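# Summary of structural features
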Amino acid sequence: MGLLDDLVGSLGNSNGSGQGNQMQQLMAIWNWVQEQGGVEVLLQKFQQGGFGQVLNSWLGSGSNMSIDGGEIQNALGNDELQSLADKLGTDVQGASGTLAALLPQVIDKLSPQGHIKTSNTQDLGAMVDGLFKR
């Protein structure tokens, strides 16, 4: 599964129950991203929110700049994050913190050549969907 394994592994916790929770979080985040209009729309929100330099570090081949939950809230807004929080079973701060930890790695993995390839987002979506339809 390559890309999905990389994403789950990059979340840090490798024990069995932790991985299951991480997969659930990834699925919830993926579904939420699709509800927002897809990865490209999410990236536009970061650009418009003044986080272009941070975003470019995720897309580029160098190290990823970090982002914190407050910056995620500024870029995406509380209404959108409340929707994610509901999916994750947490509050807006918890959702933005989870997104801040995961999003740089997801974007980095989806953009090995410095830009998002549509086939990568479709592959990730199919892999995540497939895991929960078994």
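All of the points below concern the structure found in this document. (Residues numbered from 1 in each chain as written. Predicted model: local features only at pLDDT ≥ 70, side-chain atom pairs only at ≥ 80, totals over all residues. Heavy atoms only, no water.)

### Thoughts on the packing of aromatic side chains
This model, assessed by the stated rule, comprises 2 aromatic pairs. Measuring from centroid to centroid gives 6.4 Å for Phe46 and Phe51, while their planes differ by 75°, and the two rings are edge-to-face. The class for Phe51 is buried, based on a relative accessible area of 11%. Through a chain of ring-to-ring contacts, three or more aromatic side chains come together here, namely Phe46, Phe51 and Trp58. (Phe/Tyr/Trp six-rings, centres within 6.5 Å; stacked < 30°, edge-to-face > 60°. Buried < 20%, exposed > 50% of the residue type's maximum accessible area, 1.4 Å probe, protein only.)

### Overview of the packing of helix 5 (residues 69-76) against helix 7 (residues 92-110)
The geometry of helix 5 relative to helix 7 is characterised by a closest axis approach of 8 Å and an angle of 100° between their N-to-C directions. Between helix 5 and helix 7, the crossing angle belongs to the class labelled roughly perpendicular. On the side of helix 5, the interface is formed by Gly69, Ile72, Gln73 and Leu76, while helix 7 contributes Val92, Gln93, Ser96, Gly97, Leu99, Ala100 and Leu103. Grouping the amino acids of the contact of helix 5 with helix 7 by side-chain chemistry returns 6 nonpolar, 5 polar and no charged. (Axes fitted to C-alpha atoms, helices over the stretch in contact; angles between N-to-C directions. Helix = DSSP H or I, 4+ residues; strand = E, 2+ residues; numbered from the N terminus. Parallel < 35°, antiparallel > 145°, perpendicular 65-115°, else oblique. Contact = heavy atoms within 4.5 Å. Nonpolar A, V, L, I, M, F, W, Y, C, P; charged D, E, K, R; others polar.)

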